[in-house]
Every structure is written in structure tokens, then in C-alpha cells.
Amino acid sequence: MNCTHPMTVKEGEGMGHKTRKDVIHNFQVKFFAMSLLNTFPWDSLDREIMTTTASDIIVDILQKTCLHPICLKNPPSLKYRRRFLTELIKRHEKFAAEPLDELYEALGEVVCAQEEDMCYKTYLLPTGDAVSLAENVTLISQGTTGLVTWDAALYLSEWALENTHIFKNKTVLELGSGVGLTGIVVCRSTSLTKYIFSDCHQTVLQRLKENITNCLTNCDSNSASVCVEELDWENASDEQLQRIQANTIIAADVVYDPDIIACLVRLLSRLLNCKVEEKHPDVYIASTVRNPQTYNCFKKELEMAGLRHIVMKDSVTQVFPYNRASTIEMIKIYV
């Protein structure tokens, strides 16, 4: 993948330029992120179809989704594309007398193809660049949840985009990097010194390295040193933690299993005591609070370890298409 892959949107013709443009753009952004189909602006599409030629806007959407160069190189899952095209055909047939050959040709290409375990999700940055990540089709596979992007990682990425000063000229360590979205966004949008991705599952580490190569190689905006570290929270050595020398530590969706909370807090305590230039590192953690009991257990463990925290309550502009209805909390931890 090239460093920049802008998703430009062609202006509509006739009345309602902005509405037409927004509808097409919304479809494109949601399609590449593999958003649930019921979150697409289908009603807005219906209204646009009624004020213009049905085939025109459908073809525009098709060109910006299934026929876009990003889809040809880094496609969403076959199952997802089949469902999307089927729904698009239904909307077209509702208003148009004649079938649209381009739609059926696109559907024909994916109907007979064999589904793979891996697909791509692509996230559009405010700059217009796109980050395409290889992810697993299923949420849990090969004994890990680390092969997909979770909502807290999207939120942490959005927060990073609004707080680039926090990372400027810093060495950043990310715990539980997974497929790499947050780190890639930070590297593409900030002027940092070094970024250390980390995880412990071998399959996740391999996928992470592939995504970093795909998204950061030959990227002019990325001047930072980048590396991937195998970091076992329970067994990390003092030498490894001292060598990392991180000014800033971030993590997303690492508080989900009561069984790993104690070793996570022990690791955070050790990292916070690894001073860099006589300063304790800054630690920021974003969590989707699925189970309040588990999350409260994490906070109690922090307190028992002598670590304090504050909740970051500043609003964060939503950039990526995901459900903000769930509770996502961002905290800063310090000694």
C-alpha cells in the first residue's frame, strides 16, 4: 500500500451537491471500515435517488467502494461485500426499471469466490490518507482477540490525533498493540522520536509486523524509528524495560480479563518507575467498559499498587465509524 491513498469524492451534479457528496462519502467510509450495514445512510440514499437518476448515484457509490483501488488491493471480507452489494441492488431495483449491469457484475465476482480467514479494514484519516489493516474475519481466532481492531483502539487513535503534542519528540511504548491501528495513526500524524509496538502472541506479532510494513514503509510523514517488541507482561525482565526507555506509554482495551489485571498493574508499576531523564513516563489507557466489576477491579489494583489515576473527560471528536454508545473511558495513570 502506498503511504497516501486519498479517498476523494466526486461532486454531484444538479441540486443538493453537498447532500449527494456526503451520502457517497458516508457510504465509502463505512464500507471500508466494514461497519454494520444497518448504520449506512440508506434513507438518505433513497431520497437522493428520488431526486436524480437512480443509476448515477449507485454507480458513484460502486466506484467509491467495491470498484475503488483500495478495495481491489485491500478488500473487506467477501461475505461483507456480498451483503453490501445485495442491499445496493435492492435499493436500485426499488426505483429503477432496468437492472444495472455494473452491480450484477460486481456481485458475480464475489458470489463464487472463496472466503478467507483474513480481510482488510480501512480507516480514513482527516488528512484523506487511508490506513488499511489486515484483520481476521472472526473476533476470536487462534486463541486470541488481538487479530481485530476494537473500539477503544479507535477512540485512542482519535484522542491521539487531537493531542499530537503529547507525543512530540517522545519515545512511545504501546502495550497490546494488536493489529496496530493506534500506533500506525500516531506514527502517521505526529513527530515522535520512536514508537515501540508490543504484544506477546506470536500470530499477533506476525500480523502486526505485516500491517506496519504495509502502512508505514516509504511513508514520508513517518520519520520516527519504529520497532516491534515481544513483551510478556508477567515475565518481562528489568533489562528489557530499562532498554525500552519510554517517555509515554499507551494502551487500548487491555482491561477485559480479570485474570490478567494483576500482572498488567505490576507491569505498569515497573514501567512507571523506569525514569527517563529523571522523569516518570506518562501512561494513558483507553478501555471499553464492558463489565464494570472487572474495570473497578483494575482501578482497585492500581490503588493497592500505589498508583493514582485521573479520568480524561475532554471530549474527543469522532473520526472513525464505530458505535460511541458503549462506555469508553480514558485514564492517565501516575505515581
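Above this text sits the structure in question.
K.L.:
I tried to follow the packing of aromatic side chains on my own but got confused; where do I start?
P.N.:
Each aromatic ring pair is described using two quantities: the centre-to-centre distance and the angle formed by the ring planes. Applying the stated rule across the entire model yields 14 aromatic pairs. Ring geometry for Phe-40 against Trp-42: centres 5.7 Å apart, planes inclined by 25°, an arrangement best described as stacked. Their ring planes at 55° and their centres at 4.7 Å tell us that Tyr-195 and Phe-197 sit as a pair that is tilted. Of the two residues examined, Tyr-195 and Phe-197, each falls in the buried class. In this structure an aromatic cluster arises from ring pairing among Phe-27, Phe-31, Phe-32, Phe-40, Trp-42, Tyr-80 and Phe-84.

K.L.:
Please clarify how the pairing of strand S9 (residues 328-334) should be interpreted in this entry.
P.N.:
Two faces make up the sheet, and in a regular strand the side chains alternate between them. Where burial is concerned, most of S9 is hidden: five out of the seven residues are buried. Where strand S7 (residues 282-288) and S9 come together, six bridges link them in antiparallel fashion. Of the residues in S9, the one forming a bridge with Tyr-284 is Lys-332. Where strand S8 (residues 308-311) lies against S9, four bridges are found, and the strand directions are antiparallel. Note that in S9 the partner of Arg-308 across the bridge is Tyr-334.

K.L.:
Explanation requested: the pattern of salt bridges in the structure shown.
P.N.:
Any two side chains of opposite charge can pair, on the condition that their charged atoms come close. The tally for this structure, following the rule as stated, stands at 14 salt bridges. Salt-bridge contacts for Asp-238 lead to Arg-270; the nearest nitrogen and oxygen are separated by 2.7 Å. You can see Asp-238 sitting in helix H10 (residues 238-244) and its partner Arg-270 sitting in helix H11 (residues 258-272), a full 32 residues away along the chain. A relative accessible area of 49% means that Asp-238 is categorised as partly exposed. When its relative accessible area of 26% is taken as the criterion, Arg-270 is described as partly exposed. Between Lys-299 and Glu-329 there is a salt bridge, with the nearest N and O atoms lying 2.7 Å from each other. A residue pair is termed long-range when its members are at least 10 positions apart, and Lys-299 in helix H12 (residues 292-304) and Glu-329 in strand S9 qualify at 30 residues. Judged by its relative accessible area of 18%, Lys-299 is buried. Here the salt bridges share partners, and the residues they tie into one network are Asp-46, Glu-87, Arg-91 and Lys-94.

Basis of the calculations
- Residues numbered from 1 in each chain as written.
- Predicted model: local features only at pLDDT ≥ 70, side-chain atom pairs only at ≥ 80, totals over all residues.
- Heavy atoms only, no water.
- Phe/Tyr/Trp six-rings, centres within 6.5 Å; stacked < 30°, edge-to-face > 60°.
- Buried < 20%, exposed > 50% of the residue type's maximum accessible area, 1.4 Å probe, protein only.
- Helix = DSSP H or I, 4+ residues; strand = E, 2+ residues; numbered from the N terminus.
- Pairing = 2+ DSSP bridges.
- Salt bridge = Lys/Arg side-chain N within 4 Å of Asp/Glu carboxyl O.

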